[in-house]
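Breakdown of the fold
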Amino acid sequence: MDNTAWRNDKIKLPKLFEYDDFDECRQGNLHFEYCVVRAVVQPDADSYVWQNISTLLADSRNFPYDQLERGFCLRNCLGRIASISRIDVYKIETRPITDEERIQYLDRCVNIELKNRYDLRASSSVLHCMSESNFQQGPSIGEILFLCLAILLMLLVCVATVRDCRGIECVYDALIKPFSLPRNVNKLLDLGKTEGNLSHLEGLRAIHTVIVFVVHSSLPMMRMPLKNVEDLEAQTNSFIFPVINSLNTHMITFFFALGGMVLSVSFLNHIDRVKEFEFSFQWKKLLNRLARLLPAYVFIIFYQATLFKRTKQTPVAYKFYDYCSEHWWSNLLMINNFVHLDEPCLQYGWYLGADFQLFLIGMAIMTLIWRFPALKRTCIGVMILVSFVVPGFVIYKEKLDATMTFAMRHALNQLREYDVFLKYYTPFYTNAGTYFFGMIAGMLYHHVLKNKFHLIAESTSKRIFGYVAVLMVALNGFLAFLPSLHLEKPSLFLALFGSTLKAIWGIGHSTMFLLYAFKRNSMQVDFLKHPILAVLAKLSYAVYITQYSVIHMVYSNLSVPIRYDFFNTLLLTSAIFSITFFSAILLHVAVEVPCASILKQVIDGQFKIGRMARKSGKYS
């Protein structure tokens, strides 16, 4: 039977999502109760409707049509039951309803619909319930502390801004002035020179950040109750979709390769300046990285663990539950790409954990090369070997697909039970190859600049990038045919193909970095160095850690079900974009920059509380 044959006859398939109006249920009713129910349709081989459902269930890219979602205003539900049986709705509403009674009433409402319309039955379970008590909860200690912190930051910004504008000075300027708004805005807009000819990297970073942001902004649409699920399925079932999904999946490799290249270039430049081996550089580099990452990260995690739930008190908010109140520590320790992936705090934050782990490994490799220069070629050889062997080994050992494929069941659960995401996409060791290719590109770049091989490098990088681009198109294009092979796992072919596909993305990004680094008189390079992109690049970290909160807050507050179409997607993405970038700018100038500035002074030994206290006592 054709996958969409039922669509011409709506009665032949139950609607996946039906919700009573939540605002109408709550309005003027202090004793309202609203519940979201999952109803699993019971198989019936004699039912034509069930045959349609079974056909659609055979393709994992479709929604699970045997699992219906219903949002019930309990009063409306009781009214439907009362219309066919003798129950006193008023008497029931005036006394507390037990959990057992609640599920009985809700289950009966579901089955009234299914029996009358489709001659089917279902077993129901309550996913989430809300009542007026959800809106009457007083502030917790955590929420009060977060509000105090936010107020303190605002006061610091105001005081620092006024003092800076009036030229007022005191012994505590090292602590106060970093919060000055004009000072931090000027830093944001300041387009200082990048070491060497790598300013184009910031433009590439900004563009990829925006692309990732747009993808993240649209992904939650598939988790929402939709009026027209068939339109979304038409896209996921298209022939070209596996290729598009691969582009989305491997977008993150850009940031790993970029991190590897920046690390090796900065390390080698330091070696050229210092000559003699030392450990203090690595220690300071690690501390400076933490000083830049942690303050804003801690602030957002604190917000997620406290006030975030107040922004989404709606029937669908449970779909976007965040576990920062329980698992915040895994993010701060940068191990959240290994632990609690099924209950994540800031799910997108897995990348920060993996990137930090690769940063430590990259530092160790560069330190080894610095201390023992003769091992450089050996280290590069091992890095390349790891890039191809480790991903393939994981794919084969864990019996995985060659790359992340799309299944609606995994998407509806935010990939929290998807083995490829848990065992292949998020660990640092499967992403190490991409980071290593970036490091190798940085070494090549440094070698070219040091020996002045610019002309040779320009032509060579252009030629190599052309070969790599053809290979990338071929490998990603093959994904459109891969599902039809029906290979049994573990598969050596899938392991080889998957590792090669992942490696070619890392090589592609790295050769692109070198291509633009050696290009001369190029409009593309001039565009990548545009001031707007440079500013966006500085905001990229704040955007990345802020987007999760904004995206889920916006989607949680929509009236459901919603229609999936281009206009709604554009409207939602635009709203999320505006709120996220406004929030990111505030986070950047009020938390990220000032805290990093103060911590850097502490790391460099310039900031001493004791000295300030002595000066304060001297002038008092």
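Residues numbered from 1 in each chain as written. Predicted model: local features only at pLDDT ≥ 70, side-chain atom pairs only at ≥ 80, totals over all residues. Heavy atoms only, no water.

Notes on the state of the cysteines
The line we're drawing: Note on terminology: disulfide denotes any pair of cysteine sulfur atoms within 2.5 Å. Secondary structure elements are defined from DSSP: runs of H or I of at least 4 residues count as helices, runs of E of at least 2 residues count as strands, and each element is numbered from the N terminus. Classification of residues uses two cut-offs on accessible area relative to the type maximum, computed with a 1.4 Å probe and protein chains only: under 20% is buried, over 50% is exposed, and between them is partly exposed.
For the coordinates displayed, the defined rule picks out four disulfides. The disulfide partner of Cys25 is Cys73, and the S-S distance across this bridge is 2.1 Å. Of note, the bridge from Cys25 to Cys73 carries an S-S torsion of about 75° and is right-handed in sense. Taken together, the residues Cys25 in helix H1 (residues 22-26) and Cys73 in strand S3 (residues 67-73) connect sequence positions 48 residues apart. Its relative accessible area of 5% is what places Cys25 among the buried residues. For Cys73, a relative accessible area of 4% corresponds to the buried category. Covalently, Cys324 is tied to Cys345 through a disulfide, its sulfur atoms 1.9 Å apart. The S-S bond linking Cys324 to Cys345 shows a torsion near 80°; that makes this disulfide right-handed.

Considerations on the pairing of strand S2 (residues 33-41)
In plain terms, the rule: We treat two strands as partners when DSSP finds at least two bridges between them.
Where burial is concerned, most of S2 is hidden: seven out of the nine residues are buried. In this structure, S2 lies alongside strand S4 (residues 122-131), joined through nine bridges in antiparallel fashion. By the bridge assignment for S4, Val36 is matched with His128. By the bridge criterion, seven bridges tie S2 to S3 in an arrangement that is antiparallel.

Describing the environment of Leu471
Of note, Leu471 is situated in helix H20 (residues 454-478). C-alpha of Leu471 to C-alpha of Leu400: the two residues are 71 residues apart in sequence and 23 Å apart in space.

A look at the layout of surface pockets
Which entries qualify depends on this criterion: The pocket and cavity definitions rest on a 1 Å grid over protein atoms only: a 1.4 Å probe that fits but cannot leave marks a cavity, an open set with protein on both sides within 12 Å along at least five of seven lines marks a pocket, and residues lining either have an atom within 4 Å of a point. Grid points are joined across faces, edges and corners, and a volume is the space filled by probe spheres set on the points.
Approximately 1,300 Å³ is the volume found for the second largest pocket. In terms of lining, the second largest pocket is formed by 42 residues, of which the most central are Val215, Ser218, Leu219, Met222 and Asn248. For the lining of the second largest pocket, the secondary structure elements donating two or more residues are helix H9 (200-218), helix H10 (229-236), helix H11 (241-249), helix H18 (419-425), helix H23 (531-556) and helix H24 (566-603).

Topic: empty space enclosed by the protein
The following threshold applies: For this scheme, ten residues count as nonpolar: Ala, Val, Leu, Ile, Met, Phe, Trp, Tyr, Cys and Pro. Four count as charged, namely Asp, Glu, Lys and Arg, and the remainder, Gly too, count as polar.
If you walk through the whole model with that rule in mind, you get three cavities of 30 Å³ or more. In this structure, the largest cavity occupies an estimated 50 Å³ of space. In terms of lining, the largest cavity is formed by Tyr297, Leu346, Tyr348, Gly349, Leu352, Tyr544, Ile545 and Tyr548. Top contributing element to the lining of the largest cavity by residue count: H23, with three residues. Among the residues making up the lining of the largest cavity, the classes are represented as seven nonpolar, one polar and no charged.

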